[in-house]
Amino acid sequence: MAAVAMAGTLWTSVAMATITQGDFSVFGFFETREAGHWGEGSSSIDSTPTKLVHPTVTSTFAIPGKSFGLTGGSYDFNHWDLAEARQLADVRPDYHMVKNYKLLGRFDTLFIKDADFFAYYRPWYDAFGSIKADGRQRPNTDVTSYSMNHSSNNGLTGVPSLQDEYFKNDLREWYSQLNFTDNFSARIGKQQVIWSEADALSGTEVTNPVDARWHGVYGAEAAEDVRTNLRMIKLNYILPDFLKTANNEVEGFIIPGDFESQGIETQADPRNPWVVPAAFGGGCVSCGSGPDGIFPVNINQSGQIINASEVPNFDPKGMIFLPIGPVVKGKASGQFYDFYAKDLSKTPSNSLQNSEFGVRYSSLLPIGNGLQTSFIYLYEFRSALGATCATCTGASTGLPGAIGIAPGTFVVPGHFLNRPHPGVPVGGSVIAVSTTDYRRNNFFGLTGTYYDKDLTDIVYRYDFLYQPDINVSVPASVANRGGEWTEFTRWIIAADRPTYIPWLSKQHTFLTAQFTETWYPDRPEGATPQVSTNGKVRELSSLAFLAATNWLMNGQLTAGNVILWDIDDNVGELSTTNVYRYSRNTLFGVNAQWFLGRSGRFTDPYLLSRQQRFNELEFTFTYEI
């Protein structure tokens, strides 16, 4: 799912005003956003209670009841829910500290010719959690109401506080741009590295992970606002032209201890409106215990089976059912067990020994009208392999009396994570022990552009990534640990062309088309994504989008419209982002995402088929400073 966050959106950026006082300038805006989701649905069947059976006088077993089902989807316009009530600020000061080797116009810097200090401050508050104490979580999933400051984690999903989820005091970016000569410069601080020429699912945009925790995977956000900025030192050197090449440049960076594990950070709290709709229960019957195992975590604390087919419907206090009792009238009886997932690994420390590196060489090659090409190499922590600890013993649980029932899975009788409800026989806990292999991986990229001005007047863009090691899950029949490393490649070709459509706009319509092919050359048998065992990883996967940006009403209205389609799964998204400049400082916006096509797919790597209860309509009001 890495790099999916910008796949459905070409955001029209707000043009911000600037206040200047000598060498100091500040620009930015204040904004309010209100959004709702349609298609979330309601209950579809009546619930049935848990039944108790007593085969002997001293034994009690249960036959699970069944909780209500779910409706909803792309065309359910009758069910709407609040998703966002956010107030934010965007403030970007810039101070020109050094001019012509003089710091503050007085002190000689000797070797720094020119320097700027830049910062990007983006605080925000979302009233969603304050208005809805239980968020979007369904009442049959043992919801824990939001608290202001108290957070917890029961081993399944985190239970963050309001302070963690909806109050952000974020100094997103800060760095000094130091120019030593006309050819050599450095940028030091918290920043982004943008080397890719692709718009969506970019293979070579690896360094700054996508943060999809606060506006989902497909929310209408500018690319710079969903990247996770990192502390680094970045150097640039412009080389002279040679061998008929031009625009030659070498760039390199070092991240001296600012660990980020995955390429995308997703929201796992079922209360949050931006919880990722990752699928469970894809048919992996040999994956052991856990959300996708033979005995899935799909029982609520009332002993009822719930529809826990994906993370938004998941119960953070969920239990598993072990059919250890007699069969009664064709139905299995047994006991319930709390479930806990324990990872024995620790993330790498933020130290120089765990530094990450990257380098890019760019050139304009003498091919046709000039082929712009960049060769990229990265050595970074961006794929972590979570795996069952097949060799662990009961002592790894840290609890006495643990009994192994499968590799890395233990029953602890009489140990309860939650107080059992009356009439619900809970035998104890099941603990699944895992480890995570955090390693720095190699990434090899090629990206660039070509402008064909003679025949088509189109700018072609290309992007390629080869990753020798990426993490996937596999059935226990393939590997006891449940995970393997495999090869990964991504191939992208895109085209941009301004086209005059007189009946639509007096200005040119900017058209963009892109095709993305993902290929796993040595995919293991039965491989599934790490996020869940949802069906399978396709060896080849195709995604395409077509986007059009128009400037209407004498340029006051900027409208961007996108159709994104997963060709293999026959699912996709229609999205629109619109900004109207009412006055010099005031802008109004309307954005929408509508997910269409087949639903509930287990072979959908982009989760489009499971976004159909997250269709969004958003309104914005912006005041520029």
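Preceding this paragraph is the structure being described.
Position labels on residues start from 1 in each chain and follow its written sequence. Owing to the predicted nature of the model, reporting of local features is limited to residues with pLDDT of at least 70; listing and counting of side-chain atom pairs is limited to 80 or more, with chain, interface and lining totals taken over all residues. Just so you know, side-chain values use all the structure's heavy atoms and leave hydrogens and water out.

**Points about the state of the cysteines**
Every disulfide links exactly two cysteines, by a covalent bond between their sulfur atoms.
In step 1: By definition, disulfides here are pairs of cysteine sulfur atoms that lie within 2.5 Å. The tally for this structure, following the rule as stated, stands at one disulfide.
In step 2: Covalently, Cys389 is tied to Cys392 through a disulfide, its sulfur atoms 1.8 Å apart. A torsion of 75 degrees about the S-S bond marks the disulfide between Cys389 and Cys392 as right-handed.
In step 3: Residue Cys392 is classed as buried on the basis of its relative accessible area, which comes to 18%. Partly exposed describes any residue whose relative accessible area lies between the buried limit of under 20% and the exposed limit of over 50%, with all areas from a 1.4 Å probe on protein chains only and scaled to the type maximum.

**What about the packing of aromatic side chains?**
In step 1: The criterion for an aromatic pair is that two Phe, Tyr or Trp rings (for Trp, the six-membered ring) have centres within 6.5 Å, with stacked assigned to planes under 30 degrees apart, edge-to-face to planes over 60 apart and tilted to the rest. Counted according to the given criterion, the structure contains 23 aromatic pairs.
In step 2: Measuring from centroid to centroid gives 5.3 Å for Trp38 and Trp80, while their planes differ by 40 degrees, and the two rings are tilted. Of the two residues, Trp38 is situated in strand β2 (residues 24-38) and Trp80 in strand β6 (residues 80-99); the sequence distance between them amounts to 42 residues.
In step 3: The rings of Trp38, Tyr75, Phe77, Trp80 and Trp594 are connected pair by pair, giving a single aromatic cluster. We count a stretch as a helix when DSSP gives it H or I for four or more residues in a row; a strand needs E for two or more, and each element gets its number in order from the N terminus.

**Points about the environment of Pro420**
In step 1: Mapped onto the elements of the fold, Pro420 is located in the loop between β28 (409-413) and β29 (426-452).
In step 2: Judged by its relative accessible area of 33%, Pro420 is partly exposed.
In step 3: For the pair Pro420 and Ile563, spaced 143 residues apart in sequence, the C-alpha separation works out to 49 Å.

**So, a nonpolar patch on the surface**
In step 1: Each patch is assembled from residues with relative accessible area greater than 30% and no salt bridge, linking like charges that lie within 9 Å and nonpolar side chains (Val, Leu, Ile, Met, Phe, Trp, Tyr) that lie within 5 Å. In this description, accessible areas are obtained by the Shrake-Rupley approach with a 1.4 Å probe, and a residue is regarded as covered only by the protein chains that are shown. By salt bridge we mean one thing: a side-chain nitrogen of Lys or Arg within 4 Å of a carboxyl oxygen of Asp or Glu. The grouping of Phe24, Tyr95, Leu103, Leu104, Phe107, Phe117, Tyr121, Leu171 and Trp174 at the surface amounts to a nonpolar patch, some 770 Å² of accessible area in total.
In step 2: Counting only elements with at least two residues in the nonpolar patch, the list comes to β9 (114-121) and β14 (171-179).
In step 3: Relative to the helices and strands, Trp174 is located in strand β14.

**Structural notes on the pairing of strand β36 (residues 586-597)**
In step 1: At least two DSSP bridges between two strands are required for those strands to pair. Direction of pairing for strand β35 (residues 571-581) relative to β36: antiparallel, over a ladder of 11 bridges. Looking across to β36, one finds that Leu574 is bridged to Trp594.
In step 2: Remark: four residues form the turn of the hairpin made by β35 and β36, two consecutive strands paired antiparallel.

Purely spatial values, then, with no claim about function.
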